[in-house]
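Residue strings, one per chain:
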Amino acid sequence: MSGSAQRCGISVTPMSGSRNQVSSISAGVASALVGVGAAELVAGIVSPGSSPLASIGAWIIDLAPGWAKDVMVALFGTGDKPVLITLTVLGVAALGALAGFLQHRRPPSGVSLTGVVTLVGVIAAMTRPGAGILTPLAAVVGGGVTVLALTRLTRRIGVPARPELAVRPVVAGAVSGSTDRRGFLRLAGVLSAAGIAAVAAGQFIGASSRRALDAISDVVLPAPATTVAAPPAGASFAIDGLSPLVTSNDAFYRIDTALVVPEIDPSEWSLLITGMVEQEVRITFEELLALPLEESYTTLMCVSNVVGGDLISNARWLGYPIRDLLARATPLDGADMVLSRSTDGWTAGTPLEVLQDDRNAILAVGMNGAPLPAEHGFPVRMVVPGLYGYVSATKWVVTLEVTRFADVQAYWTTRGWGERGPVKVESRIDVARADESGGALLAGVAWAQHTGIAGVEVQIDDGEWVEAETADELSIDTWRQWRATVPAAAGRHTARVRATTSAGEVQTSDRADVLPDGATGYHSRDFTV
Ligand SMILES: Nc1nc2c(c(=O)[nH]1)N[C@H]1C(S)=C(S)[C@@H](COP(=O)(O)O)O[C@H]1N2
Ligand SMILES: [Mo]
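Residues numbered from 1 in each chain as written. Chains lettered and ligands numbered in written order. Predicted model: local features only at pLDDT ≥ 70, side-chain atom pairs only at ≥ 80, totals over all residues. Heavy atoms only, no water.

## What to know about the sheet that holds strand β15 (residues 469-470)
Pairing is antiparallel in the open sheet, where 4 strands are placed in the order β11-β12-β16-β15. At either end of the open sheet lies a strand with only one pairing partner, and these are β11 (426-434) and β15. Note: β11 against strand β12 (residues 440-447), 8 bridges, orientation antiparallel. Pairing of Glu426 across the sheet is with Trp447, part of β12. (Pairing = 2+ DSSP bridges. Helix = DSSP H or I, 4+ residues; strand = E, 2+ residues; numbered from the N terminus.)

See the structure below:
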């Protein structure tokens, strides 16, 4: 049939059934490919970990039987990832074909199918390690674009071929004459190609930042020049429900303003020490790793930790003293603050003297024997014993500007939080329950970083304060476990705890809110004997 005779889309014979089917299937494939392209672009730009294709692919890998994985590796070697992506794209196209067919036959069944596939994409992405709040975005955008394209395209195909509709004038713009049909197929083809190009672009964009993430597992930390002894057995009580003395990286609390975790290629990272210094100093990751690194235990905590809260964790850090790096730059007289800046612009203002005294204020590269996890500041962060995180613990740190409190304000200080942020002595009850003795078992942690905990007392209801047993001190910079077995009659009780620092300061019962510089007050917990 020659198409040149018909141009204006007016026809009394709609496309035959099989032609309509070809069009609807093409529409479905094109919509799916455009959608997946949009999804991969979004994923590549926003967070490569959320690529729905890669997540579904990874899901398939997880679910696939061992032999299937072996076959993949045998057939494709290390190229199995692109192959998997290609296969998944083909699968999406096949689902798209089905959706197009269904949407044309029985709308909105194609849209429903798209919804289901989108949901699978969201779930696959959300269940990957490191999923964040932006993770579902890519799949949702992809699903939305697919639905939009699918409904628009299938609307142009006219009606399903049924005998009673054989002589029905087609709606304006519907695909009818062969020219229009060709135009339609060409449009579908262009959309499909654009979709595939977008998938490739998304993978390409994502790959560069994924390289940074892969870099974490590539980092080999040097042996510490100064090691810290393993925690003595006496520093931990074996009590169910008591916070472990050292927090695992996975369980470590996380607080930051970063919607998208900064991804830094360590080979491109450097730290600049600038501002009120005799000479600027720049140090690369390689140079930092070559320095004599020191291990230390420091308990980090957030100023937003309410009494009894869990925004506090303890780790064994590996890093280099900031004091020694500052010495290279030689701060000028009059400077009293170091404004540390993260790659994403976040800042903390730390008293200069705190970074120059003998405490373990470090540029940390290691956490519990591993490189820093991305969420905890990879490749380099600050750790400063004795200060809340918001004035000291800059993750993804790239600049230390020596300056003055009078001249600049850091991120949270401009928002009403205290300028200096020394930690306050606090204690927490993790465990309060009846025990075999007929009384109650209480246990928890107490902290006053860089001062140390001398003792802990507990109180049942409004009784006498009694001394709790403290575990051995790991370091004055870490929290300290405590436990107590106390007599308690049958019934409901309230337990309270308070700590005394090594400087003799008794924790105050005055309740203070977290704003502006940290909560105070006694933690209490109800229990029944
Ligand atoms: N770049 C950057 N670093 C940051 C923050 C941030 O928002 N951005 N938050 C700080 C705060 S308020 C705290 S309490 C600690 C928390 O560190 P963590 O997430 O490793 O526990 O990081 C600090 N470092
Ligand atoms: Mo914090």
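We are not done yet, so read on.
## Here we look at the side chain of Thr399
For Thr399, the position within the fold is in strand β10 (residues 397-403). Setting aside residues up to four positions removed in sequence, Thr399 forms contacts with Leu271, Leu272, Thr274, Leu339, Ser340 and Arg341. (Contact = heavy atoms within 4.5 Å.)

## What to know about the side chain of His523
Considering the arrangement of structural elements, one finds His523 in strand β18 (residues 523-528). Residue classification places His523 among the buried residues on the basis of a relative accessible area of 10%. There is a polar contact of 2.9 Å between the side chain of His523 and the backbone nitrogen of Ile429. (Buried < 20%, exposed > 50% of the residue type's maximum accessible area, 1.4 Å probe, protein only. Polar contact = N/O pair within 3.5 Å; in protein donor to acceptor, adjacent residues only side chain to side chain.)

## Side note on the site of ligand 1
Residues in close proximity to ligand 1 total 19 residues, the closest being Tyr253, Thr257, His376, Arg381 and Lys395. The contact in question runs from a nitrogen atom of ligand 1 to an N or O atom on the side chain of Ser342, over 3.2 Å. Measuring from an oxygen atom of ligand 1, one finds a side-chain N or O atom of Trp346 at 3.3 Å. Within the complex, 99% of the 530 Å² of free accessible area of ligand 1 lies under protein. Structurally, ligand 1 is housed in the second largest pocket. For the shell around ligand 1, the residue count by class is 9 nonpolar, 5 polar and 5 charged. (Near = heavy atom within 4 Å. Areas by Shrake-Rupley, 256 points an atom, 1.4 Å probe, with all protein chains shown as cover. 1 Å grid on protein atoms, 1.4 Å probe; cavity = no way out; pocket = protein on both sides within 12 Å on 5 of 7 lines; lining within 4 Å. Sits in = over half its atoms within 2 Å of the grid points. Nonpolar A, V, L, I, M, F, W, Y, C, P; charged D, E, K, R; others polar.)

## Overview of the pairing of strand β1 (residues 270-275)
In terms of burial, β1 is largely enclosed, as 5 of its 6 residues are buried. Note: β1 against strand β2 (residues 281-284), 4 bridges, orientation antiparallel. Across the sheet, Ser270 pairs through a bridge with Thr284, a residue of β2. As consecutive antiparallel partners, β1 and β2 are separated by 5 residues. Relative to β10, β1 runs parallel, the two being bridged by 4 bridges. When the bridges of β10 are listed, Ile273 appears paired with Leu400.

## Things to note about the layout of surface pockets
In this structure, the second largest pocket occupies an estimated 360 Å³ of space. Looking at the second largest pocket, it is lined by 25 residues, and the ones nearest its centre are Ile255, Asp256, Trp346, Gly389 and Tyr390. Considering only residue class, the lining of the second largest pocket consists of 14 nonpolar, 6 polar and 5 charged. (Points joined across faces, edges and corners; volume = space filled by probe spheres on them.)

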